[in-house]
Amino acid sequence: MSLEDEFCDIIKKARFGQGLGIEILAELAKMEQAEVEHLEKGHRPPTKGEIQGISQALHLRVGPLISLTLDGWLPQPQPEWTTERDLVETIKGDIGGYEVKGYLLTDPATKQALMIDTGYNAKQMLASISRRDLTLIGVCLTHGHTDHAGGLEEILSRWPVPVYLGNGDFDLLPWRPPDASIKIPANHQVIALGELTVECLATPGHTPGGFCYLLSLKGQALCFVGDTLFSGSVGRSNPFSLYPQHLQSVRHTLLHLPKDTALFPGHGPSTTVTEEQAHNPFA
């Protein structure tokens, strides 16, 4: 699977987040404005010198940006232990040709499941729950955007379970669940999933109420990160003023998890803390 973001996406996210006009970026990078515009539009690949100049101007890590842009870096495949005993099932959806991922996290001992985002594919989520004879006990939303929360009404009509969503994201929802269903998690709150526990991590930045969900299991860990982090990149900060908080969430929450922690984003390939510490330009 290819990375979610290319060079053009990365530099636009960093520039917008820092409130820089393209002319200012060109000046800081010691480049012609027209050439920066070409690069942002993906009209041509950048040279190593251009990557160095733009990285320094945007306070991005030069080495990782060169690695993923010129060397074709990709993360290692998803760790096998995460799919053993159907612990994690990925459900893919499509919104306007744009792939999005939701997940079913299941306790094999009790067959209780948590849905991590809807994957914009309520039909497939419900079909998988039925086929596997699971008991859904909650929906954990990483944020309120439609591609991650679309289909909630259909899901809750079949499974009237709690919906966990960070405060500040309710206005983003395409459909708001009944107030009795909404649970606003606290940072580090724990959700019981059969014999397992899932920790809620506040990660504002992509949206004001962003949350990630961490499972630790016998010395191994996995975290569902939504759009807070992509392999080799991050989601766009919405609004752009959240960019400093977004970087804090990535650098001081997600990338401070144990190095072998598997990271499951809402778009693009899975990755690990070790991979992103070494290869993410925003880290």
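For the structure itself, consult the block above.
Description of the structure in this document. (Residues numbered from 1 in each chain as written. Predicted model: local features only at pLDDT ≥ 70, side-chain atom pairs only at ≥ 80, totals over all residues. Heavy atoms only, no water.)

1. Considering the nonpolar core
Piece 1. Residues Ile 54, Leu 58, Leu 60, Cys 223 and Phe 282 are the most contacted members of the largest nonpolar core, which totals 39 residues.
Piece 2. Not counting residues within four places of it along the chain, the set of residues in contact with Ile 54 comprises Phe 7, Ile 11, Ala 29, Met 31 and Leu 39.
Piece 3. The next biggest cluster of nonpolar side chains, apart from the first, holds 23 residues, and it includes Met 125, Leu 156, Trp 159 and Phe 170. (Core = buried A, V, L, I, M, F, W, Y, C linked by side-chain atoms within 4.5 Å. Buried < 20%, exposed > 50% of the residue type's maximum accessible area, 1.4 Å probe, protein only. Contact = heavy atoms within 4.5 Å.)

2. Some words on the pairing of strand S2 (residues 98-107)
For a regular strand, side-chain orientation follows a simple rule: the groups alternate between the two sheet faces.
Piece 1. Burial of S2 is extensive: eight of the ten residues sit out of reach of the surface.
Piece 2. Pairing of strand S1 (residues 88-95) with S2 involves eight bridges; the strand directions are antiparallel. When the sheet's bridge partners are listed, Ile 95 is paired in S2 with Tyr 98.
Piece 3. Counted between consecutive antiparallel strands, the loop separating S1 from S2 contains two residues, among which Gly 96 sits at a positive phi close to 65°.
Piece 4. Across five bridges, the pairing between S2 and strand S3 (residues 112-116) is antiparallel. Of the residues in S3, the one forming a bridge with Thr 106 is Ala 113.
Piece 5. The loop that links S2 with its antiparallel partner S3 comprises four residues; one of these, Lys 111, has a positive phi angle of about 65°. (Helix = DSSP H or I, 4+ residues; strand = E, 2+ residues; numbered from the N terminus. Pairing = 2+ DSSP bridges.)

3. Comments concerning the state of the cysteines
Piece 1. Here the structure, examined in full by the defined rule, presents zero disulfides.
Piece 2. Unpaired in terms of disulfides, Cys 212 finds its nearest cysteine sulfur in Cys 223, a separation of 4.9 Å. (Disulfide = S-S within 2.5 Å.)

4. Remarks on the sheet that holds strand S12 (residues 271-272)
Piece 1. Spatial strand order, S7-S8-S9-S10-S11-S12: six strands in an open sheet with mixed pairing. The two strands at the open ends of the sheet, each matched to only one other strand, are strand S7 (190-193) and S12.
Piece 2. Taken together, the two bridges between strand S11 (residues 262-265) and S12 define a ladder with antiparallel strand orientation. Along S12, the bridge assignment pairs Leu 263 with Thr 271.

5. Thoughts on unusual backbone geometry
Among all residues save glycine, negative phi is the norm, and among peptide bonds the norm is trans.
Piece 1. Cis rather than trans, the peptide bond between Asn 238 and Pro 239 has omega equal to 0°.
Piece 2. Positive phi values are uncommon outside glycine, yet Tyr 120 reaches one of about 50°.
Piece 3. Among the structural elements, Tyr 120 can be located in the loop between S3 and helix H6 (122-131).
Piece 4. One non-glycine residue, Lys 218, adopts positive backbone phi at about 50°.

6. Some words on the pattern of salt bridges
Piece 1. All chains considered together, the criterion is met by seven salt bridges.
Piece 2. Among the salt bridges present, the one from Glu 50 reaches Arg 44, with a minimum N-O distance of 2.7 Å.
Piece 3. When its relative accessible area of 13% is taken as the criterion, Glu 50 is described as buried.
Piece 4. We note a salt bridge from Asp 179 to Arg 176, for which the minimum N-O separation is 3.4 Å.
Piece 5. Residue Asp 179 is classed as exposed on the basis of its relative accessible area of 57%.
Piece 6. What emerges from the salt-bridge pattern is a single network uniting Glu 35, Arg 44 and Glu 50. (Salt bridge = Lys/Arg side-chain N within 4 Å of Asp/Glu carboxyl O.)

7. Examining the packing of aromatic side chains
Piece 1. Going through the model one piece at a time under the given rule, you end up with four aromatic pairs.
Piece 2. With 5.1 Å between their ring centres and 50° between their planes, Tyr 103 and Phe 224 make a pair best called tilted. Residue Tyr 103 is found in strand S2, and its partner Phe 224 is found in strand S10 (residues 220-226); the two are separated by 121 residues along the sequence. The same class applies to Tyr 103 as to Phe 224, namely buried.
Piece 3. Here the aromatic rings of Phe 224 and Phe 264 are separated by 5.5 Å at their centres, their planes lie at 35°, and the arrangement is tilted. (Phe/Tyr/Trp six-rings, centres within 6.5 Å; stacked < 30°, edge-to-face > 60°.)

Everything listed here is a matter of geometry and, on its own, says nothing about what the molecule does.
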